[in-house]
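Commentary on secondary and tertiary structure
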Amino acid sequence: MTTRKTILCALFVVAGLLCLASVTCAAETRIATVTGKGDKAVLVFADKPLKTMTETPFTIRLHDAAGVPIEDANLSISLTMPMMPMPPNYPQALWSDGAYRGVAVFTMAGVWQVHVELQRPAATTEKVVFNIEMVMMQ
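Anyway, here's the lowdown on the structure attached to this text. (Residues numbered from 1 in each chain as written. Predicted model: local features only at pLDDT ≥ 70, side-chain atom pairs only at ≥ 80, totals over all residues. Heavy atoms only, no water.)

**A look at the pairing of strand β2 (residues 40-45)**
Applied cut-off: At least two DSSP bridges between two strands are needed for those strands to be called paired. Helical segments are the DSSP runs of H or I of at least four residues, strand segments are the runs of E of at least two, and each set is numbered from the N terminus.
Relative to β2, strand β1 (residues 29-34) is paired through 6 bridges, and the arrangement is antiparallel. Paired with A32 across the strands is V42, a residue of β2. In this antiparallel pair of consecutive strands, β1 and β2, the connection spans 5 residues, and G38 shows a positive phi of 90 degrees.

**Details of the sheet that holds β1**
The following threshold applies: To get an axis, fit a line to the C-alpha atoms, keeping to the stretch in contact for a helix; angles then go from 0 to 180 degrees between the N-to-C directions.
In spatial order, the strands read β1-β2-β4-β7-β6; together these 5 strands make up an open sheet with antiparallel pairing. Only two strands of the sheet have a single neighbouring strand rather than two, namely β1 and β6 (93-96). Averaged over all neighbouring strand pairs, the angle between strand axes comes to 25 degrees, with direction disregarded.

**Quick notes on the nonpolar core**
Rule in force here: Throughout this description, the term nonpolar core refers to a set of buried Ala, Val, Leu, Ile, Met, Phe, Trp, Tyr and Cys residues connected via side-chain atoms within 4.5 Å. In this scheme, a residue with accessible area under 20% of its type's maximum is buried, one over 50% is exposed, and one in between is partly exposed, where area comes from a 1.4 Å probe on protein chains only. By definition, residues are in contact when any of their heavy atoms lie within 4.5 Å.
If you look at the biggest cluster of nonpolar residues, it comprises 26 residues, and the most contacted ones within it are F45, I60, L75, V114, V116 and I132. When contributions to this core are tallied by element, the ones reaching two or more residues are β2, β4 (56-63), β5 (74-80), β7 (99-104), β8 (110-119) and β9 (126-136). Sequence-distant contacts of L75, defined by excluding residues within four places in its chain, comprise I60, L62, A93, Y100, V116, E117 and L118.

**Considering the pattern of salt bridges**
Once their charged atoms are close, side chains differing in charge can pair, the charge on each being opposite to the other. To be explicit about the condition: Definition used for salt bridges: Asp or Glu carboxyl oxygen within 4 Å of a side-chain nitrogen of Lys or Arg.
All chains considered together, the criterion is met by 2 salt bridges. A salt bridge links E28 to R30; its shortest N-O distance comes to 2.8 Å. Using a relative accessible area of 55% as the deciding quantity, one classes R30 as exposed.

**Focus: the packing of aromatic side chains**
What characterises a pair of aromatic rings is the spacing of the ring centres plus the angle enclosed by the ring planes. Which entries qualify depends on this criterion: Side-chain rings of Phe, Tyr and Trp (the six-membered ring for Trp) are treated as a pair once their centres are within 6.5 Å; stacked means planes under 30 degrees apart, edge-to-face means over 60, and tilted covers the remaining angles.
Taken as a whole and assessed by the stated rule, the structure comprises 4 aromatic pairs. A centroid spacing of 5.1 Å and a plane angle of 70 degrees characterise the contact between F106 and W112, whose relative ring orientation is edge-to-face. Owing to a relative accessible area of 0%, W112 belongs among the buried residues under this scheme. Through successive ring pairs, a cluster of aromatic residues spans F45, F58, F106 and W112.

**Re the environment of E133**
With respect to the secondary-structure elements, E133 resides in strand β9. A relative accessible area of 73% means that E133 is categorised as exposed. Each C-alpha atom, one on E133 and one on V111, is 5.2 Å from the other, the two residues being 22 residues apart in sequence. Those residues within four positions of E133 in sequence are excluded, and the remaining contacts are G110 and V111.

Structure (structure tokens):
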């Protein structure tokens, strides 16, 4: 094999490994839902799979039925397990860089729900529930 072919093969291998690494590192958990008013809500956790006792950054993006971003809401968030009583778990999420951002910690493995109450000026309170299929043990 010539030197040129060897270098090209090596470059292809390195490019393939970089692509694989970027796909592996970019794993996230995305959950979308629609409110009773037709508003769209998307919750994105920075990890996949979700794991217990790990600080996991998340974003919540909200859009009204016309697709306009909702930027003026106060969010009250509660993480619960629907199958068992849990101690209070209320992560904060504040508006920053085009989304509501916060950090969540899941204390047990299993099925979880994220309850979000949206309080907007001059509007009724809306509630959104995101279902998380499984949180794994760390």
